[in-house]
Amino acid sequence: FGNEERTALIPRHMASGWLEYDFSDLGLDSFVLGAGARYMGSSVGHTSDSSGTLNVPSVTLFDAMARYDITKKWRAQVNVNNLTNKEYVASCDYYCYYGEEMSATATLNYRW
């Protein structure tokens, strides 16, 4: 395990989990909150001068979601990724790249 060549940019381990809670039992019909975590294990990359490898540390990120069904056909949702706005290196291969900052997305969907 310890001596084999690792592929650049690809973490050895990844895991994620997600939980949602439906507030219908509390009288808030159609309202759902969700939260999750994403773990990306360490990875390797090459240096720009090809003199060796770089080790990219593992990172755990947290996400959240709120959803409300306005009617049976209309749904509003807000998602927030990287909830803690953690600064991290996503990958390195000749150059290193930072991961995505905290971002929020709001959507309004119509179901046919």
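Look up a bit, the structure's there.
Let me sum up the structure you'll find in this document. Remember, predicted model here, so these are calculated numbers, not experimental data. (Residues numbered from 1 in each chain as written. Predicted model: local features only at pLDDT ≥ 70, side-chain atom pairs only at ≥ 80, totals over all residues. Heavy atoms only, no water.)

Side note on the side chain of Asp69
For step 1, the next point in the chain: As for its placement among the helices and strands, Asp69 is situated in strand 5 (residues 59-69).
For step 2, the next point in the chain: Polar contacts involving the side chain of Asp69 include one to the side chain of Arg111, which spans 3.4 Å.
For step 3, the next point in the chain: With residues near it in sequence (within four places) discarded, Asp69 still touches Ser30, Trp74, Arg75 and Arg111. (Helix = DSSP H or I, 4+ residues; strand = E, 2+ residues; numbered from the N terminus. Polar contact = N/O pair within 3.5 Å; in protein donor to acceptor, adjacent residues only side chain to side chain. Contact = heavy atoms within 4.5 Å.)

Observations regarding the pattern of salt bridges
For step 1, the next point in the chain: Applying the stated criterion across every chain, the model contains 4 salt bridges.
For step 2, the next point in the chain: Close ionic contact of Arg75 with Asp69 constitutes a salt bridge, the shortest N to O distance being 2.6 Å.
For step 3, the next point in the chain: Salt bridges linked by common partners bring Asp69, Arg75 and Arg111 together as one network. (Salt bridge = Lys/Arg side-chain N within 4 Å of Asp/Glu carboxyl O.)

Here's the deal with the state of the cysteines
A covalent bond between the sulfur atoms of two cysteines is what we call a disulfide.
For step 1, the next point in the chain: Scanning the model with the defined rule gives 1 disulfide in all.
For step 2, the next point in the chain: Between the sulfur of Cys92 and that of Cys96 lies a disulfide, 1.9 Å long from S to S. A torsion of 110° about the S-S bond marks the disulfide between Cys92 and Cys96 as right-handed.
For step 3, the next point in the chain: Under the relative-accessibility criterion, Cys96 is labelled partly exposed at 45%. (Disulfide = S-S within 2.5 Å. Buried < 20%, exposed > 50% of the residue type's maximum accessible area, 1.4 Å probe, protein only.)

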